[in-house]
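Coordinate inspection notes
Take a look at the letters that make up each chain.
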Amino acid sequence: MLYRLGRWCFARRHYVLAAWLVLAVALAVVAIGVKQPTNNSLAIPGTQSQQGLNLLNQKFPGTGGAQAQVVFSVSAPKSLTGSAEQQAVESTVAELRKLPQVVSVTDPYQAGTVSKNGLIAYAVVAYPVAVADVTPKAQTALLDSGGPAKAAGITVNFGGQVAQASTKTDTDLIGIVIAFLVLLIGFGSVVAGILPLLCAVLGVLVTNLALLALTAAITESSTAPILATMIGLAVGIDYSLFVMNRHRQQVIDGMDLHESAGRAIATSGSSVCFAGTTVLIALAALSIVNIPFLTVMGLCAAGAVVVAVLAALTLMPALLGFAGHRLITSRWARRKMAKAAIPGYEPASWRYAHALKRVPVAVVLAGIVIPLFVAVPFLHIRLGLPDGGSQPTSQTTRRAYDLISEGFGPGANGPLLVVVYAPGGMNATQKQAFTSFYDQQTAHLPADVAAISQPMPNPAGDVFLIEVIPKTGPDDPATTMLVNRIRTVTAVGQRTYGLDTYVTGQTALNIDTSAKLSAALPVYLAIIIVLCLTLLIVVFRSLLVPIAAVVGYVLSILAALGAVTFVFQWGHLAGIFGVASPGPVLSFLPIILLGVLFGLAMDYEVFLVSRMREESLHKDATTAVIDGYTGSAKVVASAGIIMTAVFASFILSPDPTTKSLGFALAIGVLIDAFAIRMTVVPATMFIFKDAAWWLPRWMGRALPNLDIEGSKLEEREQRQAQPS
């Protein structure tokens, strides 16, 4: 089927290219008409913080919605308590109350949010809706406000998620340029360098337009299209490269162009289908965590993989038809081919394989010890979600965060909301217990609490809202301990007096999200490992090869997480990678890394080992490993470099989420592709020899016989060529 598809797309290349372009234009028209803004709000079903927010939205509208902080600051000898400055701040507060969607704004002088030295003050702007439902018009109006204060010489900054502006940089263009240079050097042809990029870029364009159109139906975080772009570019270039490389080699060997396109899709295209399926399953499996924003991220990235596979199978053979023989006719390409045709020529991959053959045990030991050494910081990893303090200082949200910390302590940036609910209203016993407990806590503030507000009742009198200001910042472990302690204490009162109590707010929501992700991590890893073993046993009909592949995958994951902890949590090399402020590792980074790296590791495992398997059918074990490695190492190395470059280019983004994801994926691919797949795997095969392909007979009979290299096509053609 794939053979016929490749030949059809090659022959009707004009129609195929036109179909892709028409699809892109149609999606663009739809997206422009229905698109909605992305957002970074979190909804975590089943957590106490989410239950508390839901209760506030139902019983106390306006208190559980989005908030922003407008921070005013001056330098001495000026003071915000001066008459002119105070009048300017109050005029700004009056202006803020008239902005779209704003339900209330606190006056710093009445709320007591003016610092003791009079240099810093802030007003809290409340919205009756979640961050996801704050319109772009309302966000823009907020960021453009502050005129009276600015006219009086007061500096105005804006904090909170509502004020968080999306930062877009052209980091992906850097990855594309590096990919082009790698392909140009590897294949000696501008055409060979451009074709995989055209295929991948058009695929990413279609994916992003589709995701933009889907914002009308689903809520997407701003990270979802970024992750989809990362994955789409990386696998799109890789899959197209594998197809083009097989076609190019067949044309060099003298095969007809039309026939070669069909053969390339039937052989490498089969591997692409399998590789894409593994990535697709791993990303779609993120939905098992049952966190909506993470599910959407996984499905968006999975959609990018589907488009990349379809582009490699249909668009790539069409582009190969347009290219013709120009893939191999450049002067540089001819020199490379002439050099390879010299009798006795030994490519670098052949020499590297022989070097591994001489000391395979030492290579395997080094391949285990070195990643484990890199992984040591992982033992101390701390997960969390980014706040204003993780943003670069060029962002107004970071400046607002720092000013609030300076004037009021770090805990003021992450207030906790304690929600007390008495269905039907408090009776006398409940009211006495509630009042007594509150008076006790405020009379002797706990050591880790800076302030506790007066209880604020809703109009019905059945919900009371108390704001607790910790002494520590939102991402400090002490704040997590405080949240847990409050919940433990209030649980006793809830059981005794029947008062439902919830600790919520953005800080508590982040803490609950990190806890839920941490709990899901071992389950997800177990699913990935079982899936990995099952797929590879079916593909290679072997036990030892899949076990070695899984061990290598786990080593890559541990090393990548160790490197992320070393840089982003401990702050080493922070200046080199542009880390604005060390802090907890992004809580959903490990689970994203597990899914993405699983798919990519299986790609390289399949493309490398399947060639060794193919050679082993006709040669002894050692020769099969060397010849299989020599035949596939160049394209796998090119793919590894390209994918590392694409991910690494996102490190240049000022957004800490994008930066850490790009770093983790780049390090993970670098270690897995070069240290594990291209070094440890062949060394392991040299040790195993023929035992690498051992499979119990009963298992062999039970398993389906997949043909990801398209060898059945060749067998059929050989039978047809024999005289009857």
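Presented here is a report on the structure given in the accompanying data block. Quick caveat, the model's predicted, so the values are computed rather than measured. (Residues numbered from 1 in each chain as written. Predicted model: local features only at pLDDT ≥ 70, side-chain atom pairs only at ≥ 80, totals over all residues. Heavy atoms only, no water.)

Overview of the overall build of the protein chain
If you tally the helices and strands in the protein chain, you get 26 helices and eleven strands. For a compact globule of 724 residues, the expected C-alpha radius of gyration is about 27 Å, and the protein chain comes in at 30 Å, within 12% of that figure. Projected onto its principal axes, the C-alpha coordinates of the protein chain cover approximately 100 × 50 × 45 Å. Counting across all 724 residues of the protein chain, residues that qualify as buried make up 54%. Long-range pairs, those at least 24 residues apart, make up 79% of the contacts in the protein chain with a sequence separation of at least 6. Surface exposure of the protein chain reaches about 30,200 Å², of which carbon and sulfur atoms provide 63%. Side chains of the protein chain give 47 positive and 39 negative charges; the mean places of these two sets differ by 7 Å. (Helix = DSSP H or I, 4+ residues; strand = E, 2+ residues; numbered from the N terminus. Rg over C-alpha atoms; globule rule 2.2 N^0.38 Å. Buried < 20%, exposed > 50% of the residue type's maximum accessible area, 1.4 Å probe, protein only. Contact = heavy atoms within 4.5 Å. Areas by Shrake-Rupley, 256 points an atom, 1.4 Å probe, with all protein chains shown as cover. Lys, Arg positive; Asp, Glu negative; His and termini not counted. Charge placed at Lys NZ, Arg CZ, Asp CG, Glu CD.)

A look at the packing of helix H22 (residues 589-616) against helix H24 (residues 656-688)
Contact pair H22 / H24: the axes reach a minimum separation of 9 Å and the direction vectors enclose 30 degrees. Judged by the inter-axis angle, H22 sits roughly parallel to H24. For the pair H22 and H24, the sense of crossing is right-handed. Of the residues assigned to the contact of H22 with H24, the class counts are 20 nonpolar, two polar and three charged. (Axes fitted to C-alpha atoms, helices over the stretch in contact; angles between N-to-C directions. Parallel < 35°, antiparallel > 145°, perpendicular 65-115°, else oblique. Left-handed = near helix turned anticlockwise from the far one by under 90°. Nonpolar A, V, L, I, M, F, W, Y, C, P; charged D, E, K, R; others polar.)

Some remarks on the sheet that holds strand E2 (residues 104-105)
Spatially, the four strands line up as an open sheet ordered E2-E3-E1-E4, and their pairing is antiparallel. Across the chains shown, the open sheet's two edge strands, defined by having one partner strand only, are E2 and strand E4 (155-159). Here strand E1 (residues 67-73) pairs with strand E3 (residues 120-126) via seven bridges, running antiparallel. In the strand pairing of E3, Phe72 is matched with Ala121. Against the sheet, helix H4 (residues 83-96) contacts E1, E2 and E3, and its axis sits at roughly 160 degrees relative to E1. (Pairing = 2+ DSSP bridges.)

Digging into the environment of Thr267
Within the secondary structure, Thr267 is located in helix H11 (residues 257-284). Overall, Thr267 belongs to the buried group, its relative accessible area being 2%. Measuring from C-alpha to C-alpha, the distance between Thr267 and Leu2 comes to 8.4 Å, with 265 residues separating the pair along the chain.

Thoughts on the pattern of salt bridges
If you walk through the whole model with that rule in mind, you get nine salt bridges. Its salt-bridge partner being Arg7, residue Glu259 comes within 2.8 Å of it at the nearest N-O pair. Placement of Glu259 in helix H11 and of Arg7 in helix H1 (residues 2-11) is noted, with a sequence separation of 252 residues between them. Owing to a relative accessible area of 16%, Glu259 belongs among the buried residues under this scheme. Of the charged contacts in the structure, one is a salt bridge between Asp448 and Arg485, with a shortest N-O distance of 2.7 Å. One end of the pair, Asp448, is in the loop between helix H17 (428-443) and strand E7 (449-452); the other, Arg485, is in helix H18 (residues 477-497), and 37 residues separate them in sequence. Residue Asp448 is classed as partly exposed on the basis of its relative accessible area, which comes to 22%. Look at Arg485 and you get partly exposed, because its relative accessible area is 36%. (Salt bridge = Lys/Arg side-chain N within 4 Å of Asp/Glu carboxyl O.)

Focus on unusual backbone geometry
The omega torsion of the bond from Ala76 to Pro77 falls at 10 degrees, within 30 degrees of zero and hence cis. You can see Pro77 is positioned in the loop between E1 and H4. The phi torsion at Lys689 lies on the positive side, around 55 degrees, for a residue other than glycine. Tracing the backbone shows Lys689 in the loop between H24 and helix H25 (697-702).

With respect to empty space enclosed by the protein
Counted by the stated rule, this structure contains three cavities of 30 Å³ or more. Quantified by volume, the largest cavity comes out at close to 50 Å³. What lines the largest cavity is simply Cys199, Ala200, Gly203, Val204, Thr207, Ala228, Gly232, Gly236, Ser240, Ala304, Ala308 and Ala311. Broken down by secondary-structure element, the contributors of at least two residues to the lining of the largest cavity are helix H9 (190-214), helix H10 (223-252) and helix H12 (292-323). Class assignment for the residues of the lining of the largest cavity results in seven nonpolar, five polar and no charged. Size it by volume and the second largest cavity reaches roughly 40 Å³. (1 Å grid on protein atoms, 1.4 Å probe; cavity = no way out; pocket = protein on both sides within 12 Å on 5 of 7 lines; lining within 4 Å. Points joined across faces, edges and corners; volume = space filled by probe spheres on them.)

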